[in-house]
Every structure is written in structure tokens, then in C-alpha cells.
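Secondary and tertiary structure notes
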Amino acid sequence: MAGSCVFKSPVGLLKISEENEKITGLSVVEDAEYMAEAQDMKRHSVVLYEAYRQLGEYFAGKRKVFDLPTDCGGTAFQRQVWRELQKIPYGETRCYQEIAAGIGNPAAVRAVGQANGRNPVMIIIPCHRVIRKSGDIAGFAYGIEVKRYLLELERNACGR
């Protein structure tokens, strides 16, 4: 069974998708037609409701780690990168080089960047926590302002 719902967040409407009781997508959407889906969570699956609830806690600064079943697809390499992203502590960042070294492939910096950009469940797998070695926060599928907001949200919740 597949389904989706929309979460109204400070960074815009977030479409949460699931299939077979696993989260398969979380992305920013701009289409107002999705707002009807955000109104009635009673008609959605348990996993969608739980993702909705956990996102609410995250944006309130109360949730630091997501506890949701995911099925992101992807290649073996992408899944390896995504597992490494999940090791980045809340409120902290890592550069692409650190992620590449963390997966045992320090020369794969560009490939790490591409895998990071193809993460289908933003926030849940914290691709926003990856920055350039210089400290620049450039490079985010949903725009620099969204990435900056997420990083600031986490820093503020950590008291930094």
C-alpha cells in the first residue's frame, strides 16, 4: 500500500510518502493542492502519522533523531552514503570529504555530493548537515535558505 500526506512546516509544505509501511520520500512541494492532504491525518497510515508527528517534534526543537522505517531505494553506494549521513549528530555538520572518508573511499568526494543530493528523505536522513570544507553551506536541492533554516534550528535547539 502506498500513500502520502503533507506537513506544513516553517520551510514550506513537506510531502511525506510511504509504501508498505516505510517512508519512501520527504520533499518540499509548492503545489497548494496538497494542502487538503494536510487537513485530516485520520485517513493516513500509522507510519505516515508517525512521520508527521516526529516532524512536528523536530521543528519544535524537541526531536534530534528520527525513528522511522525507511525504504529509500538507491544504489549500494548511495545507501552507504545515506547511512553515513545518519551518523552526523544533531546540530553538527560534516564536509563532503569527511563523509567520503567515513565510507572508506576518500577519493569519492564528488560521488558523495551526488548521493547526498539524491537523498529522497530530506531531514530524516540529514543531508542538510553536509557542507563544504570551507564551511560554506552551498548545495541543497531545496535551496540554501531551507538548508540554512534547518542548520540554525538545530544549533538553536542545542543552545549554540
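Presented here is an overview of the structure given in this document. (Residues numbered from 1 in each chain as written. Predicted model: local features only at pLDDT ≥ 70, side-chain atom pairs only at ≥ 80, totals over all residues. Heavy atoms only, no water.)

Some remarks on helix H3 (residues 76-85)
Residues of H3 that are buried: Gln78, Val81, Trp82, Glu84 and Leu85. The arc that holds every buried residue of H3, seen down its axis, measures 155 degrees, which confines them to one face. In the core, the buried residues of H3 are packed alongside helix H4 (96-102), helix H5 (109-117) and strand E5 (130-131). (Buried < 20%, exposed > 50% of the residue type's maximum accessible area, 1.4 Å probe, protein only. Helix = DSSP H or I, 4+ residues; strand = E, 2+ residues; numbered from the N terminus. Arc of directions from axis to C-beta. Contact = heavy atoms within 4.5 Å.)

Some remarks on the environment of histidine 128
With respect to the helices and strands, histidine 128 occurs in the loop between H5 and E5. With 21 residues separating them in the primary sequence, histidine 128 and alanine 107 have C-alpha atoms 21 Å apart. Excluding its chain neighbours within four sequence positions, the residues that come into contact with histidine 128 are Tyr58, Ile123, Phe140, Lys147, Leu150, Leu151 and Glu154.

What to know about the packing of aromatic side chains
For the structure on display, the rule yields six aromatic pairs. Ring geometry for phenylalanine 7 and tyrosine 52: centres 5.0 Å apart, planes at 75 degrees, overall edge-to-face. With phenylalanine 7 in strand E1 (residues 2-9) and tyrosine 52 in helix H2 (residues 46-59), this pair connects stretches of sequence that are 45 residues apart. Judged by relative accessible area, phenylalanine 7 falls into the buried class, the value being 8%. Exposure remark for tyrosine 52: the relative accessible area of 22% places this residue in the partly exposed category. Taking the centre distance of 5.9 Å and the plane angle of 70 degrees together, the rings of phenylalanine 140 and tyrosine 142 count as edge-to-face. Residue classification places phenylalanine 140 among the buried residues on the basis of a relative accessible area of 15%. With relative accessibility at 30%, the residue tyrosine 142 sits in the partly exposed group. (Phe/Tyr/Trp six-rings, centres within 6.5 Å; stacked < 30°, edge-to-face > 60°.)

As for unusual backbone geometry
Of note, the phi angle at asparagine 20 is positive, near 50 degrees, even though the residue is not glycine. On the secondary structure map, asparagine 20 appears in the loop between strand E2 (12-19) and strand E3 (22-29). Located in the positive-phi region is isoleucine 123, a residue other than glycine, with phi close to 70 degrees. Along the chain, the position of isoleucine 123 falls in the loop between H5 and E5. Residue class for isoleucine 123 comes out buried when judged on its relative accessible area of 1%.

Scope: geometric values only; no functional claims are made or implied.
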